[in-house]
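Descriptive structure summary
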Amino acid sequence: MLYSFLRAGFWVFTHLICRYRVHGLEKVPATGPLLIVANHLSWYDPILLGVIMPRRVWFFTKAEIFRWPIVGAVCRATGQIPVHRGSSDRAALEKGLAYLREGKAVAVFPEGTVARKEQMIAAHTGAAMMALRTGAMVLPIAHTGTRRILRSLRTAWFPLVNIDIGTPFAPAIPEGVARKAELKAVTQEIMGRIAEMIPPESRGVYKSV
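Residues numbered from 1 in each chain as written. Predicted model: local features only at pLDDT ≥ 70, side-chain atom pairs only at ≥ 80, totals over all residues. Heavy atoms only, no water.

**With respect to helix α4 (residues 90-101)**
Helix length check: α4 (twelve residues) gives 16 Å between terminal C-alpha atoms against 16 Å at 1.5 Å per residue, within 8%. All of the buried residues along α4 are Ala92, Leu93, Gly96, Leu97, Tyr99 and Leu100. Take α4 and look down its axis: the buried residues cluster within an arc of 160 degrees, on one side only. Of the residues in α4, the exposed ones pointing more than 90 degrees away from the buried face are Ala91 and Arg101. Turning to α4, the residues buried within the fold contact β2 (34-38), β3 (57-62), β4 (81-83), β5 (105-108) and α5 (126-134). For α4, the N-terminal capping position is held by Asp89, with its side-chain oxygen 3.3 Å away from the main-chain nitrogen of Ala91. Immediately downstream of α4, the backbone of Gly103 shows phi near 85 degrees, a positive value. (Helix = DSSP H or I, 4+ residues; strand = E, 2+ residues; numbered from the N terminus. Expected span 1.5 Å × (residues − 1). Buried < 20%, exposed > 50% of the residue type's maximum accessible area, 1.4 Å probe, protein only. Arc of directions from axis to C-beta. Contact = heavy atoms within 4.5 Å. Polar contact = N/O pair within 3.5 Å; in protein donor to acceptor, adjacent residues only side chain to side chain.)

Written out as structure tokens, the structure is:
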């Protein structure tokens, strides 16, 4: 109930601060475990994904936010996953795995932090690990323009945001490679699919995809 209320409120708010176009919404599986992976340009990215997704989504959220008044209480009440950045947060990963095994949709920004120059940066392997351990379908999403949301009333009010949803897939597991190399290969596949939907000049470390 609370999630639906917040989603409706943010839907209205989002339409007041930006224009957005979504392509491929019909590709989102209606049921079953789903790992949503997207590039990360702005603090508004998870809010926007929550608004456009036709099913409820659970997010990995900075642990610091859970200490904020009201916002932290909302995160706890809606079951978001606190994650301590800068280290391997085993508890957060286990929570994400549990959600996927329950058939939920979990969103991950594999880069782990906002790309400062609207260029894709190297991703962590956590998303790959969760996909391989649960067998969840992976849904790649690429967006551009979110970095300009609420950045400046003078130069970037009501920016245009484009959101492209790719085809859900089950990562291919390389044969005859060590576990670490396997995770890197699957991470490369995930980020490559996101990069393919982004203009070449914004692909950053994945420009050769």
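**Thoughts on the pattern of salt bridges**
When charged atoms on two side chains of opposite charge get close, those side chains can pair. Under the criterion given, the structure shown has six salt bridges. The partner of Glu118 in a salt bridge is Arg148, and the shortest N-O contact between them spans 3.6 Å. Placement of the pair is Glu118 in the loop between β5 and α5 and Arg148 in the loop between β6 (137-144) and β7 (160-165), with a sequence separation of 30 residues. In this structure Glu118 comes out as partly exposed when scored by relative accessible area, which is 25%. (Salt bridge = Lys/Arg side-chain N within 4 Å of Asp/Glu carboxyl O.)

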